[in-house]
Amino acid sequence: SVFAGAVLLSQRAVSPALAQGLELAVGVMLILLGSNVLYRLIRERVHIHVHRHGDGRTHIHAHSHGGESRPHRQVPHDHVHPPGFPLRSLLVGMMQGLAGSAALVVLAATALGSPLEGLGYVLLFGLGSVLGMALLSAVISVPLSLTANYLTWAHRGIRGAAGAVSILLGGVIVL
């Protein structure tokens, strides 16, 4: 939205070469992200163990030893997530936003009378995009989090399908 707003307020046109370059970059990014998901899926080698506790409770535990060199009994099952801001997610979102902004600017500039109206349109569209992506993220993350704990095979299947779809969409954009 910032890019689109700057272009609208400066009353300059986005060149077709820039718009096409940004779209190509998004396609390449989707291919790389999907490939990374599939690579990590293969590398993790998720497997299942039955654990019995001292109080008699038994449960099934799915986990991975990807990249570990110690025997299973010496590896703690607890792990921490890295603290801090999710920079990778921000950069992916910004890249997709830049590519989408080029077409949005052209549409807003031709359909609306003034740069201020165009800016309002872009801000409203940006807000809708953020809300839509948040909803889509929730729709995707809930099944992933549920299957990660209870259905390892389904979790791996969903992750594999997401990686494959990302590669496919990226390929369609690039070609």
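Residues numbered from 1 in each chain as written. Predicted model: local features only at pLDDT ≥ 70, side-chain atom pairs only at ≥ 80, totals over all residues. Heavy atoms only, no water.

Asker: Any chance you could explain the overall build of the chain here in plain terms?
Answerer: Looking only at helices and strands, one finds 5 helices and 2 strands in the chain. Shown N-terminal to C-terminal, the secondary structure of the chain runs as helices and strands in the order α-α-β-β-α-α-α. Looking at the chain as a whole, 22% of its 175 residues qualify as buried. At a minimum sequence separation of 6, the contacts of the chain that also span at least 24 residues come to 57%. Entry remark: accessible area of the chain is about 12,200 Å², with carbon and sulfur atoms responsible for 70%. (Helix = DSSP H or I, 4+ residues; strand = E, 2+ residues; numbered from the N terminus. Buried < 20%, exposed > 50% of the residue type's maximum accessible area, 1.4 Å probe, protein only. Contact = heavy atoms within 4.5 Å. Areas by Shrake-Rupley, 256 points an atom, 1.4 Å probe, with all protein chains shown as cover.)

Asker: Before we go on, may I ask you to explain the side chain of R159 in this structure?
Answerer: Counting through the fold element by element, R159 comes out in helix α5 (residues 152-174). Residue class for R159 comes out buried when judged on its relative accessible area of 12%. The contact partners of R159, leaving out residues within four places of it in the chain, are V37, R40, L41, E44 and L144.

Asker: Just checking my understanding: could you explain the nonpolar core for this structure?
Answerer: Generally speaking, soluble globular proteins have nonpolar side chains that are buried together. By size, the foremost hydrophobic cluster in this structure holds 6 residues: L22, V26, M29, L30, V92 and A99. When residues of this core are assigned to their parent elements, the largest contribution, 4 residues, is made by helix α2 (residues 16-44). With residues near it in sequence (within four places) discarded, L30 still touches Q96, S166, I167, L169, G170 and I173. (Core = buried A, V, L, I, M, F, W, Y, C linked by side-chain atoms within 4.5 Å.)

Asker: What should I look at first to understand the packing of α2 against α5 in this one?
Answerer: How two helices pack is summed up by the angle between their axes together with the distance between the axes. Running from N to C, α2 and α5 point in directions that differ by 155°, and their axes come no closer than 7 Å. The angle between α2 and α5 places the two elements in the roughly antiparallel class. Once α2 is placed against α5, the crossing between them reads as left-handed. (Axes fitted to C-alpha atoms, helices over the stretch in contact; angles between N-to-C directions. Parallel < 35°, antiparallel > 145°, perpendicular 65-115°, else oblique. Left-handed = near helix turned anticlockwise from the far one by under 90°.)

Asker: Before we go on, may I ask you to explain a nonpolar patch on the surface in this structure?
Answerer: Together, L24, V28, L32, V174 and L175 line one region of the surface with nonpolar side chains, adding up to about 490 Å² of accessible area. Broken down by element, the residue count for the nonpolar patch peaks at 3 residues, all from α2. Among the secondary structure elements, V174 is positioned in helix α5. (Patch = residues over 30% accessible without salt bridge, like charges linked within 9 Å, V, L, I, M, F, W, Y side chains within 5 Å. Salt bridge = Lys/Arg side-chain N within 4 Å of Asp/Glu carboxyl O.)

Asker: What am I meant to see in the side chain of S166 here?
Answerer: Structurally, the position occupied by S166 is in helix α5. Beyond its immediate chain neighbours, meaning those up to four positions away, S166 contacts L30, I31, L33 and G34.

Asker: Help me understand α2, please; the structure alone is not making it clear to me.
Answerer: Because an α-helix packs 3.6 residues into every turn, residues spaced three or four apart end up facing the same way. Here α2 contains 29 residues, and its C-alpha end-to-end distance of 42 Å stays within 8% of the 42 Å for a straight helix at 1.5 Å per residue. Those residues of α2 lying buried are L22, V26, G27, M29, L30, G34, L41 and E44. (Expected span 1.5 Å × (residues − 1).)

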